[in-house]
Amino acid sequence: MAMEDPDKKTEVVLLACGSFNPITNMHLRLFELAKDYFNETGKYKVIKGIISPVGDAYKKKGLISANHRVTMAKLATKSSDWVEVDDWESCQSEWLETLKVLRYHHQKLSSPDPTNSLQNAIPLTKPGRKRKQEPNRHDPIKKKNQGPDIKSFPQVKLLCGSDMLESFEIPNLWKLEDITEIVANHGLVCISRAGNSVQKFIYESDILWRHKNNIHLVEEWITNDISSTKIRRALRRGQSIRYLVPDAVQAYIEKHNLYSPESEDRNAGVVLAPLQKHASDSKN
Amino acid sequence: MKSRIPLILLACGSFNPITNMHMRLFELARDHLHQTGRYQVIEGIMSPVSDDYRKKGLVSAKHRIAMAKLALETSDWIRVDSWESEQETWTETVKVLRHHYNESLRSLQSRQEFMANKRPTQRPPGDSLSSQHTVLPELKLLCGADILQTFKTPNLWKEEDIKEIVEKFGLVCVSRAGSDPVQYINESDLLTKFQHNIFLVKEWIQNEISATQIRRALCRGLSVKYLVPDSVISYITHHNIYTEESERRNEGDLLQPLKLRNPTVNPLND
């Protein structure tokens, strides 16, 4: 264990949090780009991608019900053999900090699970502390069973477009200690456009700079500007969104008539849950 | 109510391979033309260029057609046409336009004959159906706005061809972010003269999936999922179409249109 096998790759799970209102081909591309990036490093292996749509309590303007957003994401990932949708976050009655969602998925992946006996013996700890328990785990039988495939827990990294990184600067949207824990303990994967100011942004933030080794910048080689906002706008105007969202998603939107001027007015004038929560936190 | 002019959109190109962006051009153009209130887009045609075009990295038309067919399987108005690719030599775009215009007139005629034979007595003279059918369809060339720029490339286009395209047919140009098609038009007397027949469509979502980038990614083993339809990706993988070797095809060769019109290269042809 002290001599790490150089061939042994660190497993990575990519987690994308957001509204997915609706999911677009751009969201799906983020995953493909990040996976290619990690696999090319030769040090990481991406084993799974998770899409976690935010709950309705987020109160974002125009946010339609999580039930529909989760369904659309599921339809969109049907053809993918590694990206899946998790509705745990969207099922919470209150809005949850992204850090808590990361923690949840980290624990879920590293906790004893009857379907994954390989990891049964491994106590729930952070990867960095594992070495301390090394003496307990020198059981030769166990080692044989596990073979050369024994791995540390997969790392759950937050996958985001460059807009999320830049949102760190918006007052009250994020808690400083949350950002710190995300970059220190989990890691960020940021897909950015060539010539984007992300590098400068990291340089200008002391926390991000300190943990810059845990922030992976992936350059997008094809400009992809498909935002959900633009999709909703096109739908309201009767314009085609074909080939920008998966066909099944388009069909679902049309069948349920999901996006209209009325749906866009939802939560209008309501303060975003994180802003409300963090503002009241700082007062208390 | 004034009846709309039926319109057919024709896109010429390599389609090497077809990408979601090619299909988006059609969707954007149709939306735009419908919003003018004057046109009813009845069909979209993709016409892959023949192998004789001799572009670097151009794989066989058979594969390019097959991929386009797979990609368009789910579209109810866009289709692939193999006429151009089946010609033994490279065909000027204006000739492809003429061919498809004649085809559309022929099919209109046969439809009218069919209707006339079917119900010769039931049809009152000058009913809405027959008057609608006498509106001749228009055929317009669909292209990215960058094509306006290529009009200036020496020897690539014949002046009289450009004139015929914009005068008799018309252009629908989808402009990408950062390009200024109005400027290209202003810089050309010919295009300015016929600008009423040039429709500029703004792309509201930047979506520049070039086929070159797709081939490069495929050669490097990178994912192109969600940029190209799944069915096309499977076809490419199954037939191992894009490789470093395929990318070297026609390397150092001159494009056929340039070869034909450059007397120093091909003196016999002028």
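Residues numbered from 1 in each chain as written. Chains lettered and ligands numbered in written order. Predicted model: local features only at pLDDT ≥ 70, side-chain atom pairs only at ≥ 80, totals over all residues. Heavy atoms only, no water.

- Identification of chain B as Nicotinamide-nucleotide adenylyltransferase from Apteryx mantelli is taken from an unreviewed UniProt entry.
- Chain B has a UniProt comment under Subunit (unreviewed entry) that states "Homohexamer. Interacts with ADPRT/PARP1."
- Under the Sequence similarities (unreviewed entry) heading, UniProt states for chain B: "Belongs to the eukaryotic NMN adenylyltransferase family." (UniProt positions renumbered as here; feature names shortened; annotations may be inferred.)

- Under an unreviewed UniProt entry, the name given to chain A is Nicotinamide-nucleotide adenylyltransferase, and the organism recorded is Apteryx mantelli.
- Taken verbatim from the UniProt record of chain A, the Sequence similarities (unreviewed entry) comment is "Belongs to the eukaryotic NMN adenylyltransferase family."
- Looking at chain A in UniProt, the text filed under Subunit (unreviewed entry) is "Homohexamer. Interacts with ADPRT/PARP1."

## So, the interface of chain B and chain A
- Taken together, the 26 residues of chain B in the interface contact 27 residues of chain A.
- Around 2,400 Å² of area is buried between chain B and chain A when both sides are counted, 54% of it from carbon and sulfur atoms.
- Our count for the contact surface shared by chain B and chain A stands at zero salt bridges.
- Applying the counting rule to chain B against chain A returns eleven residue pairs in polar contact (both at pLDDT 80 or more).
- Taken together, the elements giving at least two residues each to the side of chain B that touches chain A come down to α1 (20–35) and α10 (211–219) of chain B.
- Among the elements that take part in the side of chain B that touches chain A, α1 of chain B stands out by supplying six residues, more than any other.
- Of the residues in the side of chain B that touches chain A, the class split is ten nonpolar, nine polar and seven charged. (Contact = heavy atoms within 4.5 Å. Buried area = accessible area lost by both parts, 1.4 Å probe. Salt bridge = Lys/Arg side-chain N within 4 Å of Asp/Glu carboxyl O. Polar contact = N/O pair within 3.5 Å; in protein donor to acceptor, adjacent residues only side chain to side chain. Helix = DSSP H or I, 4+ residues; strand = E, 2+ residues; numbered from the N terminus. Nonpolar A, V, L, I, M, F, W, Y, C, P; charged D, E, K, R; others polar.)

## Quick look at the pattern of salt bridges
- Within the structure shown, the criterion is met by 26 salt bridges over all chains.
- K163 of chain B is the salt-bridge partner of E167 of chain B, the closest N and O atoms lying 3.2 Å from each other. In this pair, E167 of chain B and K163 of chain B both sit in helix α7 (residues 159–169), four residues apart, roughly one turn of the helix.
- Among the residues examined, K163 of chain B registers a relative accessible area of 35% and is labelled partly exposed.
- Here the residues in one salt-bridge network are E97, K100, K175 and K277 of chain A, joined through shared partners. (Buried < 20%, exposed > 50% of the residue type's maximum accessible area, 1.4 Å probe, protein only.)

## Side note on the packing of aromatic side chains
All names here are of chain A.
- For the structure shown, the criterion picks out twelve aromatic pairs over all chains.
- Centre to centre, the rings of F31 and W82 are 5.9 Å apart; their planes meet at 75 degrees, and the pair counts as edge-to-face. Placement of the pair is F31 in helix α1 (residues 25–41) and W82 in the loop between α2 (66–76) and β3 (83–85), with a sequence separation of 51 residues. Taken as a pair, F31 and W82 share a single burial class, namely buried.
- Among the aromatic residues, those joined into a ring-pair cluster are Y37, F38 and Y44. (Phe/Tyr/Trp six-rings, centres within 6.5 Å; stacked < 30°, edge-to-face > 60°.)

## A short note on α1 of chain B
All names here are of chain B.
- Taking 1.5 Å per residue as the helical rise, α1 with its 16 residues ought to reach 22 Å, and the 23 Å between its terminal C-alpha atoms agrees with that figure.
- Burial analysis of α1 places twelve of its 16 residues in the buried class, the great majority of the element.
- Among the residues of α1, N20, M21, H22, M23, R24, L25, F26, E27, L28, A29, D31 and L33 are the ones counted as buried.
- Looking one or two residues past α1, G37 carries a phi angle of roughly 80 degrees, positive in sign. (Expected span 1.5 Å × (residues − 1).)

## Here we look at the environment of E27 of chain B
- If you trace the backbone, E27 of chain B turns up in helix α1.
- Of the residues examined, E27 of chain B reaches a relative accessible area of 3% and is grouped as buried.
- Residues E27 of chain B and W77 of chain B, 50 residues apart in the sequence, show an inter-C-alpha distance of 9.9 Å.
- Look past the residues within four positions of E27 of chain B in its chain and what remains in contact with it is S240, R242 and Y243 of chain A together with W77 and I78 of chain B.

## Side note on the sheet that holds strand β1 (residues 5–13) of chain B
Residues and elements named next belong to chain B.
- The six strands are arranged β3-β2-β1-β4-β5-β6 in an open sheet whose pairing can be described as parallel. Edge positions in the open sheet fall to β3 (78–80) and β6 (198–202), since each of these has one partner strand only. Between one strand axis and the next, the sheet turns through 25 degrees on average, direction left out of account.
- Judged from the three bridges that link them, strand β2 (residues 39–48) and β3 form a sheet pairing that is parallel. The partner of G44 across the bridge, within β3, is I78.
- Its contacts with the sheet place helix α2 (residues 61–72) against β2 and β3, and it is angled at close to 160 degrees to β3.
- Helix-sheet contacts for helix α4 (residues 93–118) involve β1, β2 and β4 (138–144), and the interaxial angle to β1 is about 145 degrees. (Pairing = 2+ DSSP bridges. Axes fitted to C-alpha atoms, helices over the stretch in contact; angles between N-to-C directions.)

## Section: α10 of chain B
Residue and element names in this part refer to chain B.
- Among all positions of α10, only A211, Q213, I214, R215 and A217 are buried.
- Buried-residue contacts for α10 involve α12 (244–247).
- Once α10 finishes, G221 follows within two positions and takes phi at roughly 75 degrees, a positive value.

## A closer look at the pairing of strand β1 (residues 10–18) of chain A
All names here are of chain A.
- Judged by how many residues are buried, β1 sits mostly within the fold: seven of nine residues are covered.
- Summarising the sheet, β1 and strand β2 (residues 44–53) pair through nine bridges and their orientation is parallel. In the sheet register, A16 faces β2, and the bridge partner there is I51.
- Viewed along the sheet, the connection from β1 through α1 into β2 turns out right-handed.
- The pairing of β1 with strand β4 (residues 155–161) spans four bridges and is parallel. Bridging across to β4, L14 finds its partner in K157. (Right-handed = clockwise from strand over helix to strand, strands pointing away.)

## Some words on the sheet that holds β3 of chain A
All names here are of chain A.
- Strands sit in the order β3-β2-β1-β4-β5-β6 across an open sheet of six strands; the sheet is parallel. Looking at which strands have only one partner, the edges of the open sheet turn out to be β3 and β6 (215–220). For this sheet the average axis-to-axis angle between neighbouring strands, irrespective of direction, equals 30 degrees.
- Across the sheet, α1 lies against β1, β2, β3, β4, β5 (188–193) and β6, angled at about 160 degrees from β2, the strand it touches most.
- Contacts from helix α7 (residues 176–186) reach β4, β5 and β6, with the element oriented near 125 degrees to β4.

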